[in-house]
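Single-letter residue listing:
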Amino acid sequence: MAETAPLHGYGVLITGGGTGIGKACAVDLASKGASVVICGRTEDRLKAVVSDLESRGLSAAHVVGDVTVEADVHRAVEFTVAFAGNLKGVVANAGGGGGIGPYHLQDRDEYLRVLELNILGTMLCVKHSVPSIVRAGGGSFVGMSSIAGSTTHLVFGAYPVSKAAIDHMMRNAADEYGPANIRFNSVRPGFTTTEIMEGVPREGEVFESYLRNTPMGGTTEPEEVAKVVSFLIGPDSSRVTGQAIAIDGGHHLRAGPDFRSFTGLTPDQLAARGT
């Protein structure tokens, strides 16, 4: 990779890097010169992404880990520093949802699982990356939020709450670590054509509600999210911190999607008036 590449000399850790938005971020960051390490729980997927990047002459490696396990996060950070020579960027992309249903029917353990994955997982990435980014002279951390963090998503359980928490965590961290020259921002993708979203039928009411509430129409590609992430990691965003940036064709300007049809519940069961 030529030294003129904008992210040459950047070591970047990407959690949840084996599929979807995380994979797209790995490709885009590596193509701009970064040495990327992708982290996830499924090694076969990670190996496939690294093999693809290496076949293009790009710098990449993988480490297996679970962001809810503190020792795994610490190990991923240390591995990135050893592989790339520094840690100047982190994309905390690992996360997920679950437990679709109204609050009065939420399962406690499932609700906590989603909060732990999204909020605790992101916090542990902050905790263990900050010292290494300081040693690198500063850098950038991007938290993966969602338009669900700012726009209501009916019956989406813990997911919207957890994404709102990530947005605010990034704002607080931006304030705390600005003096150390570390920037923190979040991105809020809308409906993005990843493997997870293939579970939403394209002819159904939920998908139609996405399209109806998106001023620009259509859906978002993972590569479109990745380009914004690369901008936030790199030097062109040197004065951007504490921001939550929507990448959704304007969907955040309107109503969130209505997932009630996914629950299989009757209107009485869905009504917020007790079981």
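Here's what I pulled together on the structure shown here. It should be emphasised that the depicted structure is a prediction, and the values quoted were computed from it without experimental measurement.

Rules of the game
- Residues numbered from 1 in each chain as written.
- Predicted model: local features only at pLDDT ≥ 70, side-chain atom pairs only at ≥ 80, totals over all residues.
- Heavy atoms only, no water.
- Helix = DSSP H or I, 4+ residues; strand = E, 2+ residues; numbered from the N terminus.
- Rg over C-alpha atoms; globule rule 2.2 N^0.38 Å.
- Buried < 20%, exposed > 50% of the residue type's maximum accessible area, 1.4 Å probe, protein only.
- Contact = heavy atoms within 4.5 Å.
- Lys, Arg positive; Asp, Glu negative; His and termini not counted.
- Charge placed at Lys NZ, Arg CZ, Asp CG, Glu CD.
- Phe/Tyr/Trp six-rings, centres within 6.5 Å; stacked < 30°, edge-to-face > 60°.
- Pairing = 2+ DSSP bridges.
- Axes fitted to C-alpha atoms, helices over the stretch in contact; angles between N-to-C directions.
- Salt bridge = Lys/Arg side-chain N within 4 Å of Asp/Glu carboxyl O.
- Core = buried A, V, L, I, M, F, W, Y, C linked by side-chain atoms within 4.5 Å.
- Expected span 1.5 Å × (residues − 1).
- Arc of directions from axis to C-beta.

We now examine the overall build of the protein. On a plain count of helices and strands, the protein comes out with eight helices and seven strands. Radius of gyration (C-alpha) of the protein: 19 Å, near the 19 Å computed for a compact globule of 275 residues. For the protein, the spread of C-alpha atoms along the three principal axes comes to 60 × 35 × 35 Å. Burial statistics for the protein: of 275 residues in total, 51% are counted as buried. A fraction of 74% describes how many contacts in the protein between residues 6 or more apart in sequence connect residues 24 or more apart. In the protein, 23 positive and 29 negative side-chain charges are present, and the distance between their average locations comes to 3 Å.

Now for the packing of aromatic side chains. Scanning all chains against the criterion turns up nine aromatic pairs. Plain terms: the ring middles of Phe156 and Tyr159 are 5.5 Å apart, the flat faces sit at 85° to each other, and that makes the pair edge-to-face. Each member of the pair, Phe156 as well as Tyr159, is classed as buried. Ring centres of Phe156 and Phe259 lie 4.4 Å apart, and the angle between their planes is 35°; on these two criteria the pair is classed as tilted. You can see Phe156 sitting in the loop between strand 5 (139-144) and helix 5 (158-177) and its partner Phe259 sitting in the loop between strand 7 (244-247) and helix 8 (267-270), a full 103 residues away along the chain.

The phi dihedral of Val155 falls on the positive side, at around 55°, and the residue is not glycine. Relative to the elements of secondary structure, Val155 occurs in the loop between strand 5 and helix 5. The class of Val155 is buried, set by a relative accessible area of 12%. Backbone geometry at Asn181 places phi at a positive 65°, although glycine is not the residue there. As for its position among the elements, Asn181 is in the loop between helix 5 and strand 6 (182-189). Owing to a relative accessible area of 46%, Asn181 belongs among the partly exposed residues under this scheme.

It is worth spelling out the sheet that holds strand 7 at this point. Taken together, seven strands build an open sheet; the order of strands is 3-2-1-4-5-6-7 and the sheet is parallel. Two strands bound the open sheet, and with one partner strand each, they are strand 3 (60-64) and strand 7. The sheet shows a mean angle of 20° between the axes of neighbouring strands, direction not considered. Looking at chain direction, strand 6 and strand 7 are connected through four bridges and run parallel. If you follow Pro189 over to strand 7, its bridge partner there is Ile247.

Scanning all chains against the criterion turns up 11 salt bridges. Measuring nitrogen to oxygen at the nearest pair gives 3.1 Å for the salt bridge that ties Arg108 to Asp109. An identical accessibility class is assigned to Arg108 and Asp109; each is exposed. In this structure, a network of salt bridges that share partners links the residues Asp28, Lys32 and Lys227.

What follows concerns the nonpolar core. Val12, Ile14, Leu29, Val36, Leu53, Val91 and Val229 are the most contacted members of the largest nonpolar core, which totals 30 residues. The dominant element in this core, judged by the number of residues it contributes, is helix 1 (residues 20-31), at seven residues. Not counting the four nearest positions on each side in its chain, Leu53 is found in contact with Ala26, Val27, Ala30, Val36, Leu58 and Ala60. The next biggest cluster of nonpolar side chains, apart from the first, holds 27 residues, and it includes Val37, Ala61, Phe141 and Met170.

Spanning 13 residues, helix 2 (residues 43-55) covers 18 Å between terminal C-alpha atoms, matching the ideal 18 Å at 1.5 Å per step. On its buried side, helix 2 packs onto helix 1, strand 2 (35-40) and strand 3. Looking one or two places after helix 2, you find Gly57, whose phi comes out positive at around 80°.

This part is about the environment of Gly264. Looking at where Gly264 falls in the secondary structure, it is placed in the loop between strand 7 and helix 8. Sequence separation between Gly264 and Leu13 is 251 residues; the distance between their C-alpha atoms is 39 Å.

End to end, helix 3 (residues 70-84) covers 21 Å across 15 residues, agreeing with the expected 21 Å (1.5 Å per residue, within 8%). Those residues of helix 3 not exposed but buried are Asp72, Val73, Ala76, Val77 and Thr80. One side of helix 3 holds all its buried residues, which, seen down the axis, span an arc of 140°. Relative to its buried face, helix 3 has exposed residues pointing more than 90 degrees away, namely Ala71 and Ala82. Tucked inside the fold, the buried residues of helix 3 contact strand 1 (11-15), strand 2, strand 3 and helix 4 (108-135). Immediately beyond the C-terminal end of helix 3, within one or two residues, lies Gly85, with a positive phi of roughly 90°.

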